[in-house]
Amino acid sequence: DLDLWVEDATVAGYADDTATSVSDENEDVVIQKLETDANRVLEYMASHLLSANPQKTGFLLIRRKKSNVCREIIVGKDRIKEQTSHRILGLKVNNSLTWKEHTDELLNSIHQRIGALRRISYHVPSASLPSITSAIIASKIRYCIAVYGGLRLSNADPSTEIDKSLQIALNQAMRVVTRSRLRD
């Protein structure tokens, strides 16, 4: 439905998150097309009694070469400055198309959850720990791993540093579940 309202942008959305993208060799053309279609998106939203949140609106400009110039787009009455990264559906996407920021945040979050798991492990039955671990740690790792993780079809395929780091974190969580230590 929203696709019918825009001319140049590609629209991707899920639930209440919507992202538009435009590709062109010329940055000024990209910005002009994004602004035009962003206003069309705002018209669509208004016609459906919806509103955009400027604080959750981001603008990434992906370039072939790094630039120190910070651009901005105008969406409705708001100026949206170019960012180096933006969170989309829980994934932190950056303008260099790497996942370093996302995976660093993910590992930090997982380590915090392992600490919480360790603290509650003294107060809940052992039989409940695998379910809790699956819910608070493994699900966090599984979410969008196909996007930021390496694809391995066999043990012979190379693994990435993030694959190794996630496996180590999962092993730490499983040691809490089994009440064992690294030296065991």
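Residues numbered from 1 in each chain as written. Predicted model: local features only at pLDDT ≥ 70, side-chain atom pairs only at ≥ 80, totals over all residues. Heavy atoms only, no water.

A look at the overall build of the protein
Secondary structure assignment for the protein yields 5 helices and 7 strands. Listing each helix as α and each strand as β along the protein from the N terminus yields β-β-α-β-β-β-β-β-α-α-α-α. Computed over C-alpha atoms, the radius of gyration of the protein comes to 21 Å, more than 25% over the 16 Å expected from 2.2 N^0.38 for 184 residues, which places it beyond the range of a compact globule. Along the first, second and third principal axes, the C-alpha atoms of the protein reach 60 × 40 × 30 Å. Across the 184 residues in the protein, those meeting the buried criterion constitute 28%. Put simply, of all contacts in the protein between residues at least 6 apart along the chain, 51% involve residues at least 24 apart. For the protein, the accessible area works out to roughly 12600 Å², and carbon and sulfur atoms hold 53% of it. Here the protein contributes 25 positively and 23 negatively charged side chains, and the mean placements of these two sets differ by 13 Å. (Helix = DSSP H or I, 4+ residues; strand = E, 2+ residues; numbered from the N terminus. Rg over C-alpha atoms; globule rule 2.2 N^0.38 Å. Buried < 20%, exposed > 50% of the residue type's maximum accessible area, 1.4 Å probe, protein only. Contact = heavy atoms within 4.5 Å. Areas by Shrake-Rupley, 256 points an atom, 1.4 Å probe, with all protein chains shown as cover. Lys, Arg positive; Asp, Glu negative; His and termini not counted. Charge placed at Lys NZ, Arg CZ, Asp CG, Glu CD.)

Regarding the side chain of His102
Mapping His102 onto the fold places it in helix H2 (residues 100-120). His102 sits in the buried class, given a relative accessible area of 7%. Ignoring any residue separated from it by four or fewer positions in sequence, one finds His102 in contact with Gly90, Leu91, Lys92 and Tyr148.

A few points about the sheet that holds strand S5 (residues 78-83)
Taken together, 3 strands build an open sheet; the order of strands is S3-S5-S4 and the sheet is mixed. For this open sheet the edge positions go to strand S3 (59-60) and strand S4 (72-75), each flanked by a neighbour on one side alone. Judged from the 4 bridges that link them, S4 and S5 form a sheet pairing that is antiparallel. For Ile74, the partnering residue across the bridge sits in S5 and is Arg79. Across the sheet, helix H1 (residues 27-47) lies against S3 and S4, angled at about 25° from S4, the strand it touches most. (Pairing = 2+ DSSP bridges. Axes fitted to C-alpha atoms, helices over the stretch in contact; angles between N-to-C directions.)

Topic: the side chain of Lys92
Tracing the backbone through its elements, the reader meets Lys92 in strand S7 (residues 91-94). Separated by 3.0 Å, the side chains of Lys92 and Glu105 make a polar contact. In contact with Lys92, other than residues within four places in its own chain, are Ser85, His86, Arg87, Trp99, Glu101, His102 and Glu105. (Polar contact = N/O pair within 3.5 Å; in protein donor to acceptor, adjacent residues only side chain to side chain.)

Regarding the pattern of salt bridges
All chains considered together, the criterion is met by 13 salt bridges. Linking Arg40 and Glu7 is a salt bridge whose minimum nitrogen-to-oxygen distance equals 3.1 Å. Linking Arg40 in helix H1 with Glu7 in the segment before strand S1 (10-14), this pair joins segments that are 33 residues apart in sequence. Residue classification places Glu7 among the exposed positions, given a relative accessible area of 60%. A salt bridge links Asp37 to Arg40, with the nearest nitrogen and oxygen atoms 2.7 Å apart. Pair noted here: Asp37 and Arg40 are both in helix H1, with a separation of 3 residues, about one helical turn. You can call Asp37 buried: its relative accessible area is 1%. (Salt bridge = Lys/Arg side-chain N within 4 Å of Asp/Glu carboxyl O.)

Description of the nonpolar core
General note: in soluble globular proteins, nonpolar side chains tend to be found buried as a group. Ile110, Ile114, Leu117, Ile137 and Leu166 are the most contacted members of the largest nonpolar core, which totals 16 residues. Of all the secondary structure elements, the ones that give two or more residues to this core are H2, helix H3 (129-142) and helix H5 (161-177). Ranked by residue count, the leading element in this core is H5, at 6 residues. When near neighbours in sequence (up to four residues on either side) are disregarded, Ile114 contacts Ile137, Ala169, Gln172, Ala173 and Val176. Counting residues in each nonpolar core, the second largest holds 11 residues, with Val30, Ala38, Phe59 and Ile73 among its members. (Core = buried A, V, L, I, M, F, W, Y, C linked by side-chain atoms within 4.5 Å.)

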